[in-house]
Every structure is written in C-alpha cells, then in structure tokens.
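# Per-entry structural report
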Amino acid sequence: MTKTLIRTAAVAALLAAASTPALASNADYVAPYRLLQQANRTLDPALATSAYATEGVLVFDIPGAPAESFRGHDAIRAAYVRSFRQVDPGTPIALEFRFEGPVRPAPHKGAYRLTAKIGGREIGAYGRFTASLVWDRNAWRFAEDRGTAASAADYEALPPADL
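Here the structure is a predicted model, which means the values were calculated and not measured. Residue numbers restart at each chain and count upward from 1, following the sequence in its written direction. Confidence filtering applies because this is a predicted model: local features only for residues at pLDDT of at least 70, side-chain atom pairs given and counted only at 80 or more, and all residues used for totals across whole chains, interfaces and linings. Hydrogens and water are ignored here; the side-chain numbers use all heavy atoms of the structure.

## What about the overall build of the chain?
Within the chain one finds 6 helices and 6 strands. Tracing the chain from N to C terminus, the helices and strands come up as α-α-α-α-β-β-α-β-β-β-β-α. When the 163 residues of the chain are sorted by exposure, 34% land in the buried category. Taking all contacts inside the chain whose residues are at least 6 apart in sequence as the whole, residues at least 24 apart take part in 55%. Only carbon and sulfur atoms are counted for the fraction: they give 58% of the accessible area of the chain, which is about 9300 Å². Here a helix means four or more residues in a row that DSSP labels H or I, a strand means two or more in a row labelled E, and each is numbered from the N terminus. Exposed residues in this analysis have more than 50% of their type's maximum accessible area, buried residues have under 20%, and partly exposed residues fall in between, with area computed by a 1.4 Å probe over protein chains only. Whether two residues are in contact is decided by their heavy atoms, any of which lying within 4.5 Å being enough. Residue burial considers only the protein chains on display, and all accessible areas are found by Shrake-Rupley using a 1.4 Å probe.

And the structure:
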C-alpha cells in the first residue's frame, strides 16, 4: 500500500510538472500582451479574448465612470466587440505597453498608450494596469487585467518595452 501511495504521488508530481513550465522566460510572460497588441491592430475580439484565462477577469476602473468588470471568455469577448466597434472601420488600434520591472505571473504593473481613429479623428489615451498571469491551456494568460486612467507622463516615466 505504501509503494502504491508513493507511486501515485510521483505520477501526480510528474503530471503537474508537465502541465506548467518549470521556468518561463520573460518572453513567455509577455505573450498575452503581444496577443492584445495583435488583436487591436486587427480589431479581432476573439484574438483579444485568447489572451485571457478561461475564467479570467478584465476590469476597467476609470475615474469619473462606473467600474466595469468582465469575467470569463464570453463577457471579455463582448467587451472587446463593443470597444472595437467604436473605432473607425478598418483602422487599427495601436497599443503600446511599458512595465514597472520584469513581467512575472504574480501581479505586475505598468502603463499603456492606445491610439485609435474615432469619427475621423485620431484619439490618444493612456492608462495604468495591474495584471496577474496564470498557466491556462498550455500558455501564460491573464488571470486578471485591471486598468485605470493615467497621464502621458505616467507612461513616459517607464522604460519602453521590448515586445
């Protein structure tokens, strides 16, 4: 019986090790950010949604507006569909990130700049984010992505990211 328990524990440990990377690089951790950049360039809500864990959470907490929270792929996809409909058809959204230190699964912070064309005018916006990652469907994805308002100075104060 003891040998069976030890063997079962060993198999469970091997399966757990196989299901998450032993040591990921910064390139692995920034993959969800690259997905969001590509999704914004192509206005693809399904691609944007794929950056999030199955039960991921997207939160917009912008001062002066009601906080919005979206949990799970259906809600997150609907949020991106709504956002992408606001831009002029066929015009990509430029999304650039800067990070406060290295990106890791534990909460990390940074700022972003978003540039889009709405009603024929180019609009620029800045925000700050706090995000955490989780290993989901064989890749690092956002477990939580929380955004709030920021200034150009907040964004410019951080070093450019190499995505």
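## Topic: the layout of surface pockets
For each structure, a 1 Å grid was placed over the protein atoms alone; sets of points admitting a 1.4 Å probe that cannot get out are labelled cavities, open sets with protein on both sides within 12 Å along at least five of seven lines are labelled pockets, and lining residues have an atom within 4 Å of a point. Grid points are joined across faces, edges and corners, and a volume is the space filled by probe spheres set on the points. What the largest pocket holds in volume is close to 720 Å³. Lining the largest pocket are 30 residues, and of these Asn 40, Phe 60, Ser 83, Tyr 112 and Leu 114 sit closest to its centre. Looking at the lining of the largest pocket, the elements with two or more residues in it are helix 3 (31–42), strand 1 (52–60), helix 5 (72–85), strand 3 (94–100), strand 4 (108–118), strand 5 (121–136) and strand 6 (139–149). When residues in the lining of the largest pocket are grouped by element, the largest group, 5 residues, is from helix 5. All residues other than Ala, Val, Leu, Ile, Met, Phe, Trp, Tyr, Cys, Pro, Asp, Glu, Lys and Arg, Gly among them, are scored as polar; the first ten of these are nonpolar and the last four charged. Looking at side-chain class alone, the lining of the largest pocket contains 23 nonpolar, 4 polar and 3 charged residues.

## Digging into the pairing of strand 6
With 5 bridges connecting them, strand 1 and strand 6 associate as parallel partners. Paired with Val 59 across the two strands is Arg 146, which belongs to strand 6. Strand pairing is assigned whenever DSSP identifies at least 2 bridges connecting the two strands.

## A few points about the side chain of Arg 98
Positionally, Arg 98 belongs in strand 3. Residue class for Arg 98 comes out buried when judged on its relative accessible area of 11%. For the purposes of these results, a polar contact is taken to be a pair of N or O atoms within 3.5 Å, where, inside protein, one atom must be able to donate a hydrogen and its partner to accept one; residues adjacent in sequence count only when each atom of the pair is a side-chain atom. Of note is the side chain of Arg 98, whose polar atom sits 3.5 Å from the backbone oxygen of Tyr 155.

## Description of the nonpolar core
In terms of nonpolar packing, the biggest core is built from 28 residues, with Tyr 33, Leu 36, Tyr 52, Tyr 80, Phe 97 and Phe 142 touching the most fellow members. With 4 residues, helix 5 is the largest single contributor of residues to this core. Residues in contact with Tyr 80, not counting those within four places in the same chain, are Leu 36, Pro 45, Ala 48, Tyr 52 and Leu 58. Residue types Ala, Val, Leu, Ile, Met, Phe, Trp, Tyr and Cys, when buried and joined through side-chain atoms within 4.5 Å, form a set referred to as a nonpolar core.

## A closer look at the packing of aromatic side chains
Under the pairing criterion, centres of Phe, Tyr and Trp rings, with the six-membered ring standing for Trp, must be within 6.5 Å; the plane angle then separates stacked pairs below 30 degrees from edge-to-face pairs above 60, leaving the rest tilted. For the structure on display, the rule yields 14 aromatic pairs. Look at Tyr 33 and Phe 142: their rings are 4.9 Å apart centre to centre, the planes differ by 85°, and that puts the pair in the edge-to-face class. Placement of Tyr 33 in helix 3 and of Phe 142 in strand 6 is noted, with a sequence separation of 109 residues between them. For the pair shown, Tyr 33 and Phe 142 are each scored as buried. For the ring pair Tyr 52 and Phe 142, a centre distance of 5.1 Å and an interplane angle of 40° mean the geometry is tilted. You can see Tyr 52 sitting in strand 1 and its partner Phe 142 sitting in strand 6, a full 90 residues away along the chain. Here the two residues Tyr 52 and Phe 142 agree in accessibility, since each one is buried.

## Notes on the confidence of the model for the chain
Each residue gets a pLDDT score, which is the predictor's confidence in that residue and runs from 0 to 100. Scored by pLDDT, the chain has a mean of 87; 83% of the residues are at 70 or more. Ranking the elements of the chain by mean pLDDT puts helix 1 (residues 2–19) last, at 39, and helix 4 (residues 45–49) first, at 98. Within the model, pLDDT remains below 50 along residues 1–19, and this stretch shows 1 contact once partners closer than five positions in the same chain are excluded.

## A closer look at helix 3
An α-helical turn contains 3.6 residues, so a residue and the one three or four places further along point in the same direction. Over its 12 residues, helix 3 extends 17 Å from the first C-alpha to the last, a length consistent with the 16 Å expected when each residue adds 1.5 Å. What helix 3 keeps buried is the set Pro 32, Tyr 33, Leu 36, Gln 37, Ala 39 and Asn 40. Buried residues of helix 3, viewed axially, fall in a sector of 165°; they line one side. Looking one or two residues past helix 3, Leu 43 carries a phi angle of roughly 55°, positive in sign. By this rule, a helix spans an expected 1.5 Å times one less than how many residues it contains. Here, the arc refers to the directions that run from the helix axis to the C-beta atoms.

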